[in-house]
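Results of the structural survey
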Amino acid sequence: MSLSPLDQNRIESFWQYCLQHQYFNLAYPESADFDYAPLHRFLRFSINNCGDWNESSNYLLNSFDFEREVMHFFAELFHIPFDESWGYVTNGGTEGNMFGCYLARELFPDATLYYSKDSHYSVAKIIKLLRIKSRAVDSLPSGEIDYDDLVAKIQQDQERHPIVFVNVGTTMKGAIDDIGVIQHKLAEAGIPRQDYYLHADAALSGMILPFVDSPQPYSFADGIDSISVSGHKMIGSPMPCGIVLAKRSNVSRISVEIDYISAKDQTISGSRNGHTPMMLWAAIKSRPLAEWRRKVRHCLDMAQYAIDRLQAAGIQAWRCKNSITVVFPSPSEPVCDKHGLARSGGTAHLITTPHHHDSQRLDRLLDDIVQDLGAVTAPAGAAMSAA
């Protein structure tokens, strides 16, 4: 590859830009705490994981062996026997959410999908792409789904096979919908467990809850049917990626035999990045579970540090249990622009991902928020909990 001097300068300028901004993201859940240098040499190869990692393929440059081990790790993490599960490495949380909703629609073709107003924006796209009936459900002030409104709308619709999109950590507030409460409410409404589907969007918190002492329900043992987790968030990756995991019996409904690759394919994307399974594999293999627990504890401690500083200045900051998302009244536009803060409905948030090893960058943001906001009252009814 040969670039002109002008284009080489453009590349060098972008390199310097990346160096300057690599740790910018205190407002977005992306970890920069990774080093995949041992894998750099594989970028010279076109590694394509087309099809099922559990099948042989006539496309020889694949990383199926690594992907299989990644999925084995997540099957154990989310408490489902490996031989009863199937999933794959996706290009991010949206693909994982679509896969889960796709499985649910195939299981219950005429069903309605119910999701809270705090759900990730990808749900709206998925509904259009799958052409599935849907209903938005109210949220509680904490960001959790309104369980009573969920049941009320299911009953209004006379829906016998509801598909429930469960948030295991909402985008703006880090709220976790209670899977146990949802199942209890549906049982009270006379809907048997086998007659509905629960997909869990655990983009960020899927790599938090397994490593805390008192997690909310989040796993297959707790009743979910599928789960999506991002790889570039708590784990960290130079490119967006993730995993989706489901019950093998449901996945078999969408499997297609592809003769010219000599394999089955039940994925959304078909041809898939073969490098990201290697990255997730390296991240998993290089850190024992105790190290993941330590990283999660550090992130939670940093989140509480931010809350303590803001509250000491009279700013009503809060977070949900086991969340590293700190919510506070939105500061002025110049402060939001300076720090790239995400805002919605008069609130903003910061997220203490693993690459913030100390409070130096966090303090710069907190200093600006405190100076900008002064003493502010939190929105009425905001749930203030921590862990």
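Residues numbered from 1 in each chain as written. Predicted model: local features only at pLDDT ≥ 70, side-chain atom pairs only at ≥ 80, totals over all residues. Heavy atoms only, no water.

In the annotation of an unreviewed UniProt entry, the entry for the chain reads Histidine decarboxylase, and the organism field reads Chromobacterium aquaticum. The chain has a UniProt comment under Catalytic activity (unreviewed entry) that states "L-histidine + H(+) = histamine + CO2". (UniProt positions renumbered as here; feature names shortened; annotations may be inferred.)

**Quick word on the overall build of the chain**
Per the secondary structure count, the chain includes eleven helices and twelve strands. In terms of overall dimensions, the chain is globule-like: its C-alpha atoms have a radius of gyration of 22 Å, near the 21 Å expected for 387 residues. Counting the 387 residues in the chain, one finds 53% classified as buried. For the chain, the accessible surface area stands at approximately 17,600 Å², while carbon and sulfur atoms represent 51% of it. (Helix = DSSP H or I, 4+ residues; strand = E, 2+ residues; numbered from the N terminus. Rg over C-alpha atoms; globule rule 2.2 N^0.38 Å. Buried < 20%, exposed > 50% of the residue type's maximum accessible area, 1.4 Å probe, protein only. Areas by Shrake-Rupley, 256 points an atom, 1.4 Å probe, with all protein chains shown as cover.)

**As for helix α5 (residues 147–157)**
In an α-helix, one turn spans 3.6 residues, which is why side chains three or four residues apart end up on the same side. Here α5 has its buried residues at Tyr-147, Asp-149, Leu-150, Val-151, Lys-153 and Ile-154. The opening residue of α5 is Asp-146, an N-cap whose side-chain oxygen sits 3.2 Å from the backbone nitrogen of Asp-148. Among the residues trailing α5, Gln-158 stands out with phi positive, at a value near 55°. (Polar contact = N/O pair within 3.5 Å; in protein donor to acceptor, adjacent residues only side chain to side chain.)

**With respect to the pattern of salt bridges**
On inspection of all chains with the given rule, the structure shows 17 salt bridges. Here Asp-65 makes a salt bridge to Arg-68, at a shortest N to O gap of 3.0 Å. On the criterion of helical spacing, the pair formed by Asp-65 and Arg-68 is a turn pair, its members being three residues apart in helix α2 (residues 64–77). Using a relative accessible area of 52% as the deciding quantity, one classes Asp-65 as exposed. Residue Lys-285 is joined to Glu-69 by a salt bridge in which the shortest nitrogen-to-oxygen separation is 3.3 Å. Of this pair, Lys-285 sits in helix α8 (residues 275–286) while Glu-69 sits in helix α2, and the two are 216 residues apart along the sequence. Overall, Glu-69 belongs to the partly exposed group, its relative accessible area being 38%. Through salt bridges with shared partners, one network takes in Asp-33, Arg-287 and Lys-295. (Salt bridge = Lys/Arg side-chain N within 4 Å of Asp/Glu carboxyl O.)

**Here's the deal with the packing of aromatic side chains**
For the structure shown, the criterion picks out twelve aromatic pairs. Judged by centre distance (5.7 Å) and plane angle (40°), the ring pair of Trp-86 and Tyr-88 falls under tilted. Of the two residues, Trp-86 and Tyr-88, both sit in the buried class. Site record: aromatic cluster; members linked through ring pairs are Trp-53, Phe-82, Trp-86, Tyr-88 and Phe-99. (Phe/Tyr/Trp six-rings, centres within 6.5 Å; stacked < 30°, edge-to-face > 60°.)

**Considering the sheet that holds strand β12 (residues 347–351)**
In a beta sheet, neighbouring strands are held together by backbone hydrogen bonds and run either parallel or antiparallel to one another. What the three strands build is an open sheet, ordered β10-β12-β11; its pairing is antiparallel. Bordering the open sheet on either side are β10 (325–329) and β11 (342–344), each of which pairs with just one other strand. Direction aside, the axes of adjacent strands within the sheet are offset by 30° on average. Sheet topology note: the β10/β12 ladder contains five bridges and is antiparallel. (Pairing = 2+ DSSP bridges. Axes fitted to C-alpha atoms, helices over the stretch in contact; angles between N-to-C directions.)

**Description of the pairing of strand β7 (residues 242–247)**
Across the six residues that make up β7, a large majority, five, are buried. Here strand β1 (residues 85–90) pairs with β7 via six bridges, running antiparallel. Note on β7: the bridge partner recorded for Thr-90 is Gly-242. Note: strand β6 (residues 226–230) against β7, five bridges, orientation antiparallel. Bridge pairing in β7 places Ser-230 opposite Gly-242.

**Details of the environment of Ile-132**
Within the secondary structure layout, Ile-132 lies in the loop between α4 (122–130) and β3 (133–137). Since its relative accessible area comes to 8%, Ile-132 is described here as buried. Between the alpha carbons of Ile-132 and Ala-111 there is a distance of 7.6 Å; along the sequence they are 21 residues apart. Apart from the residues within four sequence positions on either side, Ile-132 is in contact with Arg-105, Ala-111, Leu-113, Ile-127 and Ile-163. (Contact = heavy atoms within 4.5 Å.)

**Side note on the UniProt feature "modified residue: N6-(pyridoxal phosphate)lysine" (unreviewed entry) in the chain**
Those places that UniProt annotates as "modified residue: N6-(pyridoxal phosphate)lysine" (unreviewed entry) correspond, in this numbering, to Lys-233. Accessibility expressed as a relative area gives 15% for Lys-233, which makes it buried. Once you skip the residues sitting within four places of it in the chain, Lys-233 turns out to touch Pro-29, Glu-30, Ser-31, Ala-203 and Leu-204.

**Focus on the packing of α2 against α8**
Where α2 meets α8, the axes come as close as 8 Å, and the angle between the chain directions of the two elements is 50°. Taken together, the axis directions place α2 and α8 in an arrangement best described as oblique. Considering how the two elements wind past one another, α2 and α8 form a crossing that is left-handed. Each of Phe-66, Glu-67, Glu-69, Val-70, Phe-73 and Phe-74 in α2 lies in contact with α8, whose residues at this interface are Pro-277, Met-278, Leu-280, Trp-281, Ile-284 and Lys-285. Classifying every residue of the contact of α2 with α8 by side-chain character gives nine nonpolar, no polar and three charged. (Parallel < 35°, antiparallel > 145°, perpendicular 65-115°, else oblique. Left-handed = near helix turned anticlockwise from the far one by under 90°. Nonpolar A, V, L, I, M, F, W, Y, C, P; charged D, E, K, R; others polar.)

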